[in-house]
Amino acid sequence: MGKLIILDHPLIQHKLTYIRDENTGTKQFRELVNEVSMLMGFEITRNLPLKEIEVNTPVTNCRAQVLTGKKIGLIPILRAGLGMVDGMLQLLPAARVGHIGLYRDPETFMPVEYYIKLPSDISERLLIVLDPMLATGGSANDAIESLKKRGAKSIKLMCLVAAPEGVKVIQENHPDVDIYICSLDESLNEKGYIVPGLGDAGDRLFGTK
Ligand code: PRP
Ligand code: URA
C-alpha cells in the first residue's frame, strides 16, 4: 500500500488554518496556497537521490553532492492544482509541467476529463500530481490512471486536504503512489465537500462562484 504522509510542520499547519478561514480573500488565499506548496515541496523532495561530484571552491577542490536520478514533472489537475505550481517551481525551477483538465460532475461527483498535455518523456520522470483537494478521490484517481496509461512509472500525489474516502480510493487503486497531505479531515458532506475542508478550492483561488 502507498504511504500516507501528513506534513505537520508548524508553518504548514499555521498557513493551512488561514487557507481554511472563510474570511481569507482571494489574494491572500492564493499567496498562502503558494507558500504551503513550496513548504510541501521541501518535504516531498526530501529523499531525492544524490551523487558526489568534484567541485573547485575558491579555496580547494572537494567532493560534494548534487541531485541525480529521475527528473521531475509537475502535473497540476485543472483548475485548482494550478495554484500549487508556482510554489513547487520555486524549488524545482527546471521541472517540466504537464496539465490534466478534470472537473467533477456536480450531480454524480464523477470526474470528466477535458484536457491533457504532458511532457513527452513522462515514463522517465518522477511525476508529482498536484491538487489541493482529495475528496471522493475520483479526480486524482482518474488523473493517475491517465498518466499510467501514457507510460508513467513513478508518481506521487500532493494535496492540501484529504478526506478518508479519497485516501482509501488512491491506496486501493494505486498502491505504488505515496500521498502527501497537510491534513486528513473528518469526512465528506452530501455535496461531496470535505468537512471541515476549505470550501471550493478552485473558486477560492480564482475568485469565481
Ligand atoms: C475539485 C478539486 C479536485 C476535485 C476533488 O475540482 O480541485 O480536482 O474537486 O474532488 P474529488 O476527489 O471528489 O474528485 P473541481 O471539480 O471543483 O474543478 P476545478 O478545480 O476546476 O474547480
Ligand atoms: N473540491 C473542492 O474544491 N472542495 C471540496 O471540499 C471537495 C472537492
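About the criteria used
Within every chain, residues take consecutive numbers counted from 1 along the sequence as written. As a convention, the first chain written is A and the first ligand written is 1, with the rest following in written order. Restriction of local features to residues with pLDDT of at least 70 applies here, the model being predicted, together with a cutoff of 80 or more for giving and counting side-chain atom pairs; totals for whole chains, interfaces and linings are based on all residues. Here the side-chain values reflect all heavy atoms present in the structure, with hydrogen atoms and water set aside. UniProt positions are given in the numbering used here, feature names are shortened, and annotations may be inferred rather than shown by experiment. By nonpolar core is meant a set of buried Ala, Val, Leu, Ile, Met, Phe, Trp, Tyr and Cys residues that side-chain atoms within 4.5 Å join together. Relative accessibility decides the category of a residue: with a 1.4 Å probe and only protein chains considered, values under 20% of the type maximum give buried, values over 50% give exposed, and everything between is partly exposed. Starting at the N terminus, helices and strands are each numbered in turn, a helix being any DSSP run of H or I of at least four residues and a strand any DSSP run of E of at least two. We treat two strands as partners when DSSP finds at least two bridges between them. Throughout, disulfides are identified as pairs of cysteine sulfur atoms within 2.5 Å of each other. Angles here are taken between N-to-C directions and fall from 0 to 180 degrees, while the axes themselves are lines fitted to C-alpha atoms, restricted in helices to the stretch in contact. Every angle not falling under 35 degrees, over 145, or within 65 to 115 is termed oblique; those three ranges are roughly parallel, roughly antiparallel and roughly perpendicular. Take the far helix as your reference; a near helix turned counterclockwise from it by less than a right angle gives a left-handed crossing, and one turned clockwise gives a right-handed crossing. Any pair of residues with heavy atoms lying within 4.5 Å of one another is described as a contacting pair. Classification used: nonpolar for Ala, Val, Leu, Ile, Met, Phe, Trp, Tyr, Cys and Pro, charged for Asp, Glu, Lys and Arg, polar for all others including Gly. Positive charges come from Lys and Arg alone, negative charges from Asp and Glu alone, with His and the N- and C-terminal ends not counted. Between Lys or Arg on one side and Asp or Glu on the other, a salt bridge is scored when a side-chain nitrogen of the former is within 4 Å of a carboxyl oxygen of the latter. Two N or O atoms count as a polar contact when they lie within 3.5 Å, although within protein this holds only if one can serve as hydrogen donor and the other as acceptor, and sequence-adjacent residues are included solely when both atoms are side-chain atoms.

The name recorded for the protein in an unreviewed UniProt entry is Uracil phosphoribosyltransferase, from Pseudogracilibacillus auburnensis. UniProt, in its Sequence similarities (unreviewed entry) section for the protein, records the words "Belongs to the UPRTase family." Regarding the protein, the relevant UniProt record gives this comment under Catalytic activity (unreviewed entry): "UMP + diphosphate = 5-phospho-alpha-D-ribose 1-diphosphate + uracil".

Counting 34 residues, the largest nonpolar core has Ile 19, Met 40, Ile 128 and Leu 160 as the members making the most contacts within it. Elements represented by at least two residues in this core include exactly helix H1 (10-20), helix H2 (26-44), strand S4 (71-78), helix H3 (85-91), strand S8 (125-130) and helix H6 (201-206). Among the elements that line this core, the one with the most residues is H2, at six residues. Formed by 22 residues, the second largest nonpolar core is a distinct cluster that contains Ile 75, Ile 100, Ile 144 and Val 167.

Right, let's get into the sheet that holds strand S11 (residues 161-162). Overall, parallel pairing links the three strands, which are arranged S9-S11-S13 in an open sheet. Edge strands, defined here as strands with exactly one partner in the open sheet, are strand S9 (133-134) and strand S13 (183-184).

Quick look at the state of the cysteines now. Enumeration according to the criterion identifies zero disulfides in this entry. Here Cys 159 is not cross-linked by a disulfide; its sulfur's nearest cysteine counterpart is in Cys 182, at 9.3 Å. The exposure class assigned to Cys 182 is buried, which follows from its relative accessible area of 2%.

For the pair H1 and H2, the least separation of the axes is 9 Å and the interaxial angle reads 155 degrees. On the basis of the axis angle, H1 is roughly antiparallel to H2. Viewed along their axes, H1 and H2 form a crossing whose handedness is left-handed. When H1 is examined against H2, the residues Leu 11, Ile 12, Lys 15, Leu 16, Tyr 18 and Ile 19 are found in contact with a partner set consisting of Phe 29, Leu 32, Val 33, Glu 35, Val 36, Leu 39 and Met 40. Looking at the contact of H1 with H2 residue by residue, the classes come out as eleven nonpolar, no polar and two charged.

Let us now look at the side chain of Lys 156. Locating Lys 156 in the fold gives a position in strand S10 (residues 154-158). Among buried charged residues, Lys 156 stands out as having no salt bridge; its nearest opposite-charge side chain is Asp 178, 4.2 Å away. Side-chain polar atoms of Lys 156 contact the side chain of Tyr 180, separated by 3.4 Å. Among residues more than four places away in sequence, those in contact with Lys 156 are Ile 44, Leu 126, Leu 127, Ile 128, Val 129, Val 177, Asp 178 and Tyr 180.

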